[in-house]
Amino acid sequence: MRAVIADDFNTEPRLAELPDPEPGPGEVLVRIEAAGVNPFDWKVVDGVMCGAVEHAFPLVLGSDGAGVVERTGPGVTGLAEGDRVFGQFMDVERGRGSYAEFALAPAEGKLASLPRQLPFDLAAALPTAGAAAHDFVAASGAADGHVLLVNGASGGVGQAAVQLAAARGAHVIATTDPATAAYLLELGAAEIVDFTEAPTVDQVREAHPDGVDAVVDLVSGPAQIDAVAELLRPGGVIISSNTAADVEALAARGLRGANLYADASPETLGSLAASVVDGELKVRIDFKAPLEKAPAALDRSRAGSARGKTVLTVREGTVDA
Ligand SMILES: NC(=O)c1ccc[n+]([C@@H]2O[C@H](COP(=O)([O-])OP(=O)(O)OC[C@H]3O[C@@H](n4cnc5c(N)ncnc54)[C@H](OP(=O)(O)O)[C@@H]3O)[C@@H](O)[C@H]2O)c1
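Residues numbered from 1 in each chain as written. Predicted model: local features only at pLDDT ≥ 70, side-chain atom pairs only at ≥ 80, totals over all residues. Heavy atoms only, no water.

K.L.:
A description of the overall build of the protein should follow, citing residues and the corresponding values.
P.N.:
Counting secondary structure elements, the protein contains 10 helices and 16 strands. In summary, the protein has a C-alpha radius of gyration of 20 Å against a globular reference of 20 Å for 321 residues, a match within 12%. Its C-alpha atoms give the protein principal-axis dimensions of about 60 × 40 × 35 Å. Taking all 321 residues of the protein together, 53% fall into the buried category. In the structure as shown, the protein presents an accessible area of about 13400 Å², 51% of it carried by carbon and sulfur atoms. (Helix = DSSP H or I, 4+ residues; strand = E, 2+ residues; numbered from the N terminus. Rg over C-alpha atoms; globule rule 2.2 N^0.38 Å. Buried < 20%, exposed > 50% of the residue type's maximum accessible area, 1.4 Å probe, protein only. Areas by Shrake-Rupley, 256 points an atom, 1.4 Å probe, with all protein chains shown as cover.)

Spelled out as structure tokens, the structure:
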């Protein structure tokens, strides 16, 4: 099969020919139709998990994918050949990922059923960013009347977070450049902060001198997050996607903080898929390319300026089937 692999940490991803994988006990082999790109995919090649977990090389890149069950391994009862599924496929310890014509996954606990009305490309764009937005917004306590800043609202996670928080009744402040402002207002943002114009913290403080209730922070590193946390009212909460929050230091200041990892459980994926089908959650694909262009798509993600999701089409002509 064709797959996009890394031969080692800090090497250039490349298209390669690998043997088709065989599903073991409790596993399914999925014929991938579309794979979703996330910043984490290139961070893995950079070694973000080096030392914390073993990596098997060559490593097939990518986490998110959508496709059709091709074959089931021994003992699988919950899924059958021909089932449409989507979810996260990354397993660095076994060198597995979604940027490939076929990918293995456990039959239970990882994949969700993909409704007919949801095209493969939109489904492939959902798992990591959608689950992150789902979990981070829930942890922020977003509710009627709460003021929530989504820092990094213009990207994949941010666009979903704006919609999920607005649906809970929160007053959402969204950071973006002017070109994407109208779209974020359409998604439910109540206020826009143009982060290209002046520092976000200064603009939010001026508009909300009494502070905000919560921040979902998708951009700050440890060096920037303290200034963002200063925007919180006493007892406020900041959720970091980048492990930037010093939870103890925040507690000492009467604030709450959490460094969260998205849990793309089948339940969360199912609820996200239903929201997309119902038109409650919009997913914008701002860059689509064939599998062989994955190295360029990763470079593009690394360079920034994402204004939606990047999706790799694995099988020409079948993505919207
Ligand atoms: N913990 C988890 O489970 C988890 C899950 C998903 C994602 N993440 C992490 O969360 C981050 C966001 O993910 P994503 O998929 O949404 O990435 P993305 O699609 O690349 O979006 C990032 C967005 O942030 C914007 N941005 C960058 N610097 C900014 C700044 N200073 N102020 C305001 N906006 C800024 C970018 O615009 P410009 O490039 O134009 O600046 C871009 O629109 C990544 O670091 C990712 O690795 C973590």
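K.L.:
Explain the side chain of T200 to me, using residue names and the numbers behind them.
P.N.:
Within the fold, T200 resides in helix α6 (residues 200-207). Of the residues examined, T200 reaches a relative accessible area of 13% and is grouped as buried.

K.L.:
Could you give an account of the sheet that holds strand β4 (residues 59-60), with specific residues and numbers?
P.N.:
Note on sheets: strands pair through backbone hydrogen bonds, and any given pair is parallel or antiparallel. Here we have three strands laid out as an open sheet, ordered β2-β1-β4, and antiparallel in their pairing. Each edge of the open sheet carries a strand with a single partner, namely β2 (14-17) and β4. Pairing of strand β1 (residues 2-6) with β2 involves four bridges; the strand directions are antiparallel. By the bridge assignment, V4 is partnered in β2 with L15. (Pairing = 2+ DSSP bridges.)

K.L.:
Give a detailed account of the layout of surface pockets, specifying residues and quantitative values.
P.N.:
Of the volumes computed, that of the second largest pocket is approximately 200 Å³. Residues that form the lining of the second largest pocket fall into these classes: five nonpolar, four polar and two charged. (1 Å grid on protein atoms, 1.4 Å probe; cavity = no way out; pocket = protein on both sides within 12 Å on 5 of 7 lines; lining within 4 Å. Points joined across faces, edges and corners; volume = space filled by probe spheres on them. Nonpolar A, V, L, I, M, F, W, Y, C, P; charged D, E, K, R; others polar.)

K.L.:
Let's hear about the domain arrangement of the protein: which residues, and what values?
P.N.:
According to the domain assignment, the protein contains domain 1 (2-125 + 283-313) and domain 2 (129-259). Taking only C-alpha atoms into account, the centre of domain 1 sits 29 Å from that of domain 2. Taken together, the contacts link nine residues of domain 1 with 10 residues of domain 2. Roughly 660 Å² is buried in total at the junction of domain 1 and domain 2, and carbon and sulfur atoms are behind 39% of that figure. Viewed at the interface, domain 2 and domain 1 are joined by one salt bridge. Ionic pairing is found between D177 and R307, a salt bridge with its closest N-O pair at 3.0 Å. (Domains from an automatic or database assignment. Contact = heavy atoms within 4.5 Å. Buried area = accessible area lost by both parts, 1.4 Å probe. Salt bridge = Lys/Arg side-chain N within 4 Å of Asp/Glu carboxyl O.)

K.L.:
Go over the environment of D46 with me, naming the residues and quoting the values.
P.N.:
Looking at the element boundaries, D46 is found in helix α1 (residues 39-46). On the basis of relative accessible area, D46 is assigned to the partly exposed category, the value being 32%. C-alpha separation for the pair D46 and M90, spaced 44 residues apart in sequence, amounts to 15 Å. In this view, D46 contacts N10 and R302; residues no more than four positions away in its chain are not counted. A distance of 2.9 Å separates the side chain of D46 from the side chain of R302, its partner in a polar contact. (Polar contact = N/O pair within 3.5 Å; in protein donor to acceptor, adjacent residues only side chain to side chain.)

K.L.:
Give me the pattern of salt bridges: which residues, what numbers.
P.N.:
What the rule picks out here adds up to 15 salt bridges. For E27, the salt bridge is made with R94, and the minimal N-O distance between the two is 3.7 Å. Taken together, the residues E27 in strand β3 (residues 27-37) and R94 in the loop between β6 (84-88) and β7 (102-106) connect sequence positions 67 residues apart. The class for E27 is buried, based on a relative accessible area of 9%. The partner of R96 in a salt bridge is E27, with the nearest N and O atoms 2.9 Å apart. On the criterion of sequence distance, the pair formed by R96 in the loop between β6 and β7 and E27 in strand β3 is long-range, its members being 69 residues apart. Given a relative accessible area of 17%, R96 falls into the buried group. Beyond isolated ion pairs, a larger network of salt bridges with shared partners links E27, D91, R94 and R96.

K.L.:
Residue-level account of the pairing of strand β13 (residues 232-240), with values.
P.N.:
Here strand β12 (residues 212-217) pairs with β13 via five bridges, running parallel. If you follow V212 over to β13, its bridge partner there is L232. Taking the sense of rotation as the criterion, the β-α-β connection linking β12, helix α7 (residues 222-229) and β13 turns out right-handed. (Right-handed = clockwise from strand over helix to strand, strands pointing away.)

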